[in-house]
Amino acid sequence: MSKMTDEEILFDRQEKYGPPELFFETFGKISRLLDRYAEASKQEKINESHLSAMKLVLLKVLRSTWNPTVDDNYCDARNYISIAEGCAKERANKIED
């Protein structure tokens, strides 16, 4: 099995996930909005682990929007939401202790 060149990898990913500039611009905007929304919730301290996992869910949502046929995105999104839930529960347990 031959290795793909960097150029081939970039082309392959663009086919799956869309043009990098548009993807990262969109993901950046969504991430900033999510940060702003978390800050507006007036949590005593934002759970950065939870927030990061939620951003990864949105990353998979974006990728699935561009190309709904990549099954891996759906599995990953489900796993990231489970990770986010775990981070939220872990934080809640620490606060209770």
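The sections below set out a description of the structure shown in this document.

### Overview of the side chain of asparagine 73
Working step 1: By the secondary structure assignment, asparagine 73 is in helix H4 (residues 71-96).
Working step 2: Among residues more than four places away in sequence, those in contact with asparagine 73 are Tyr17, Lys60, Arg63, Ser64 and Asn67.

### What to know about helix H2 (residues 20-40)
Working step 1: When the terminal C-alpha atoms of H2 are compared, their 30 Å separation across 21 residues agrees well with the 30 Å that a helix rising 1.5 Å per residue should span.
Working step 2: Taken together, the buried positions of H2 are occupied by Phe23, Phe27, Gly28, Ser31 and Ala38. All buried residues of H2 fall inside an arc of 125° around its axis, so they share one side. Facing away from the buried surface of H2 by more than 90 degrees, the exposed residues are Glu21, Arg32, Leu33, Arg36, Tyr37 and Ala40.
Working step 3: Elements in contact with the buried residues of H2: helix H1 (6-17) and helix H3 (48-66).
Working step 4: One or two positions beyond H2, positive phi appears at lysine 42, with a value near 60°.

### What about the pattern of salt bridges?
Working step 1: Applying the stated rule across the entire model yields seven salt bridges.
Working step 2: Aspartate 12 serves as the salt-bridge partner of lysine 16, at 3.8 Å between the closest nitrogen and oxygen. In this pair, lysine 16 and aspartate 12 both sit in helix H1, four residues apart, roughly one turn of the helix.
Working step 3: On the basis of relative accessible area, aspartate 12 is assigned to the partly exposed category, the value being 24%.
Working step 4: Note that lysine 60 and aspartate 76 form a salt bridge whose closest N and O atoms lie 2.8 Å from each other.

### Some points on the environment of leucine 22
Working step 1: Relative to the elements of secondary structure, leucine 22 occurs in helix H2.
Working step 2: Relative accessible area serves as the criterion here: at 44%, leucine 22 is assigned to the partly exposed category.
Working step 3: Expressed as a C-alpha distance, the spacing of leucine 22 and asparagine 79, which sit 57 residues apart in the sequence, is 25 Å.

### A few points about the packing of aromatic side chains
Working step 1: All chains considered together, the criterion is met by two aromatic pairs.
Working step 2: Relative to phenylalanine 24, the ring of phenylalanine 23 has its centre 5.0 Å away and its plane inclined at 85°; by these criteria the two rings are edge-to-face.
Working step 3: Looking at phenylalanine 23, the relative accessible area reads 9%, which means it is buried.
Working step 4: Among the residues examined, phenylalanine 24 registers a relative accessible area of 55% and is labelled exposed.
Working step 5: Their ring planes at 5° and their centres at 6.1 Å tell us that phenylalanine 23 and phenylalanine 27 sit as a pair that is stacked. Of this pair, phenylalanine 23 and phenylalanine 27 both sit in helix H2, four residues apart, roughly one helical turn. By the burial criterion, phenylalanine 23 is buried, and phenylalanine 27 matches it.
Working step 6: Here the aromatic cluster, defined as three or more aromatic residues joined through ring pairs, consists of Phe23, Phe24 and Phe27.

Reading the values: the criteria
- Residues numbered from 1 in each chain as written.
- Predicted model: local features only at pLDDT ≥ 70, side-chain atom pairs only at ≥ 80, totals over all residues.
- Heavy atoms only, no water.
- Helix = DSSP H or I, 4+ residues; strand = E, 2+ residues; numbered from the N terminus.
- Contact = heavy atoms within 4.5 Å.
- Expected span 1.5 Å × (residues − 1).
- Buried < 20%, exposed > 50% of the residue type's maximum accessible area, 1.4 Å probe, protein only.
- Arc of directions from axis to C-beta.
- Salt bridge = Lys/Arg side-chain N within 4 Å of Asp/Glu carboxyl O.
- Phe/Tyr/Trp six-rings, centres within 6.5 Å; stacked < 30°, edge-to-face > 60°.

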